[in-house]
Number of protein chains: 2
Amino acid sequence: MQPQPFHDHDHSHCTGDVMARAEAVTAASGARMTPVRRRVLEILLEEHRALGAYDVLQRLSAEGFGNQPPVAYRALEFLVDQGLAHRIQRLNAFTACMHPGTSHAPAFLICRSCNTVAEAPVAPVRAALDAAAAELGFAVERANIEALGLCPACGETA
Amino acid sequence: MQPQPFHDHDHSHCTGDVMARAEAVTAASGARMTPVRRRVLEILLEEHRALGAYDVLQRLSAEGFGNQPPVAYRALEFLVDQGLAHRIQRLNAFTACMHPGTSHAPAFLICRSCNTVAEAPVAPVRAALDAAAAELGFAVERANIEALGLCPACGETA
DNA sequence: CTATGTATGTAATATCATAACACGTCAAGA
DNA sequence: TCTTGACGTGTTATGATATTACATACATAG
């Protein structure tokens with residue numbers, strides 16, 4: 001398990017470590033980590049929050065990249081395809097994957113107070129879901145699990 | 001457990017039974033089941049699929065109700081608040097709750113082939129999720145669990 | 001009957017997402 | 001070397017989803 005965003009941490013480690021793994025992942029798959037794509041991942045990594053495509057776009061265009069929606073959506077789609085980012089359906093937003101390269105189905109913990117997004121270990125959840133679905137003859141291929149609640153910090157405050 | 005949409009069933013039973021329960025639920029909570037709201041629920045009940053707000057709106061306006069988005073969104077929001085319908089984030093769409101009145105967190109099984117949506121018993125899944133979240137100090141309040149896959153009928157065909 | 005809260009109608013607009021096409025670059029093969 | 005084709009990026013235009021704000025109607029309690 002990677003360090004969790006919920007706790008104090010040296011954030012530059014997240015960024016550096018994940019970026020390094022991202023370069024490795026793309027190199028391994030033959031995909032090209034271009035400047036826009038790299039920059040988008042960096043932008044997502046700057047915060048443990050989900051950013052909307054238009055948020056990302058705004059930063060991109062401020063830095064001289066294109067300023068039309070497809071620029072952001074394409075880069076984000078690439079990152080999601082590569083397993084380097086996740087889409088948070090509930091928020092219509094995207095977040096960097098904090099442990100790329102390790103195969104995993106996503107389970108997201110979204111703090112309704114500070115909007116931080118963390119990924120939780122999902123194996124047991126997934127097993128329970130598969131079992132429940134199998135009862136009905138349904139074969140689960142992909143699952144989105146998004147939990148809304150309070151992170152440790154915000155839970156204390158409240 | 002209510003009859004599952006995946007199997008052959010007398011659909012008028014779904015509709016009639018659920019509508020009756022819906023009237024009971026709203027009466028009990030003091031909420032008003034108005035014509036638009038009732039009609040929207042009926043529309044959702046006509047199929048075991050998720051319908052977009054604009055799909056619903058189109059049918060409403062064809063029947064003489066208002067033809068602006070808020071008409072549909074408000075009725076849908078009401079139904080969701082009352083636990084009579086669910087929002088499927090993944091599809092930006094809504095589906096009737098097939099067992100209103102019984103408290104439940106939702107877990108949806110969405111067939112990627114025929115778009116049927118079923119609700120699966122979720123208690124064990126939810127327990128696993130709560131446990132995983134608790135490890136990280138996160139308190140889950142609401143969880144969205146949406147699984148994409150193949151329903152029994154479409155699974156056989158493939 | 002009238003005051004009040006709630007529901008509905010409507011216009012306008014915000015937000016999220018994609019289709020379609022043009023242009024540039026780079027690498028593989030004729 | 002030249003060409004060709006795949007891919008990435010830029011841009012225009014549009015589509016799809018959702019909300020704000022305000023006006024009107026309507027039911028019910030007082």
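Sequence order sets the numbering: in each chain, residues are counted from 1 along the sequence as written. Starting at A for chains and at 1 for ligands, labels are handed out in the order in which the entities are written. Residue-level local features of this predicted model are given only where pLDDT is at least 70; pairs of side-chain atoms are given and counted only at 80 or more, and the full residue set underlies all totals for whole chains, interfaces and linings. With hydrogens and water set aside, each side-chain value is computed from the structure's full complement of heavy atoms.

A. Up close: the UniProt feature "binding site: Zn(2+)" (unreviewed entry) in chain A. Sequence positions flagged by UniProt for "binding site: Zn(2+)" (unreviewed entry) are, in local numbering, A:C111, A:C114, A:C151 and A:C154. In sequence the annotated residues extend across 44 residues, while in space they remain close, none of their C-alpha pairs exceeding 8.2 Å. Burial classes follow relative accessibility: with a 1.4 Å probe on protein chains only, a residue under 20% of its type's maximum area counts as buried, one over 50% as exposed, and anything between as partly exposed. For A:C114, a relative accessible area of 29% translates into the label partly exposed. If sequence neighbours within four positions are ignored, A:C114 has contacts with A:R49, A:C151 and A:C154. Only runs of H or I of at least four residues qualify as helices and only runs of E of at least two qualify as strands under DSSP, and these elements are numbered from the N terminus. By the secondary structure assignment, A:C151 is in the loop between β5 (139-150) and α6 (152-157). Any two residues whose heavy atoms approach within 4.5 Å at even a single point are treated as in contact. Once you skip the residues sitting within four places of it in the chain, A:C151 turns out to touch A:F6, A:C111, A:C114, B:G137 and B:F138. UniProt positions are given in the numbering used here, feature names are shortened, and annotations may be inferred rather than shown by experiment.

B. Layout of helix α3 (residues 53-62) of chain B. Residues and elements named next belong to chain B. Among all positions in α3, only A53, V56, L57 and L60 are buried. Taken around the axis of α3, the buried residues stretch over an arc of 100 degrees, which confines them to a single face. Facing away from the buried side of α3, by more than 90 degrees, are the exposed residues Y54, Q58 and A62. Its buried side turned inward, α3 meets α2 (35-45), α4 (69-81) and β2 (93-96). One or two steps after α3, the chain reaches G64, where phi turns positive at roughly 95 degrees. Of all possible arcs, the one meant is that of the directions from the helix axis to the C-beta atoms.

C. Looking closely at the protein's contact with DNA strand C. By convention in these notes, a residue is near a molecule or strand provided one of its non-hydrogen atoms lies within 4 Å of it. Residues in contact with DNA strand C amount to 16 residues; listed here are only the nearest, A:Y54, A:Y73, A:R87, B:T34 and B:R74. At the protein interface, 46% of the atoms of DNA strand C within 4 Å belong to sugar or phosphate. Polar contact is the term for a pair of N or O atoms within 3.5 Å; when the atoms are in protein, one must be able to donate a hydrogen and the other to accept it, and sequence-neighboring residues count only if both atoms are side-chain atoms. A distance of 2.5 Å separates a phosphate oxygen of DNA strand C from a polar side-chain atom of B:T34. Elements represented by at least two residues in the surface near DNA strand C include exactly α4 (69-81) of chain A together with α2 and α4 of chain B. In terms of residue count, α4(A) provides more of the surface near DNA strand C than any other element does, 4 residues in total. Asp, Glu, Lys and Arg are counted as charged, while Ala, Val, Leu, Ile, Met, Phe, Trp, Tyr, Cys and Pro are counted as nonpolar; the rest, among them Gly, fall into the polar class. Partitioning the surface near DNA strand C into residue classes produces 7 nonpolar, 4 polar and 5 charged.

D. Structural context of the interface of chain A and chain B. Tallying the contact residues gives 35 residues for chain A and 35 residues for chain B. Here the quantity called buried area is the accessible surface, traced with a 1.4 Å probe, that two parts lose on coming together, added over both. Interface area for chain A against chain B, summed over the two sides, is near 3,000 Å², with a carbon-plus-sulfur share of 62%. Contact with chain B buries area across many residues of chain A, yet A:R90, A:L136 and A:F138 alone supply 23% of it, more than any other trio. Salt bridges are counted wherever a side-chain nitrogen of Lys or Arg sits within 4 Å of a carboxyl oxygen of Asp or Glu. Counting every contact that joins chain A to chain B gives 2 salt bridges. The partner of B:R112 in a salt bridge is A:E141, and the shortest N-O contact between them spans 2.6 Å. Connecting chain A to chain B are 12 residue pairs in polar contact (both at pLDDT 80 or more). Counting residues per element, the ones that place at least two in the side of chain A that touches chain B are β3 (107-111), α5 (123-135) and β5 of chain A. Of the residues forming the side of chain A that touches chain B, the biggest block, 12 residues, is contributed by β5(A).

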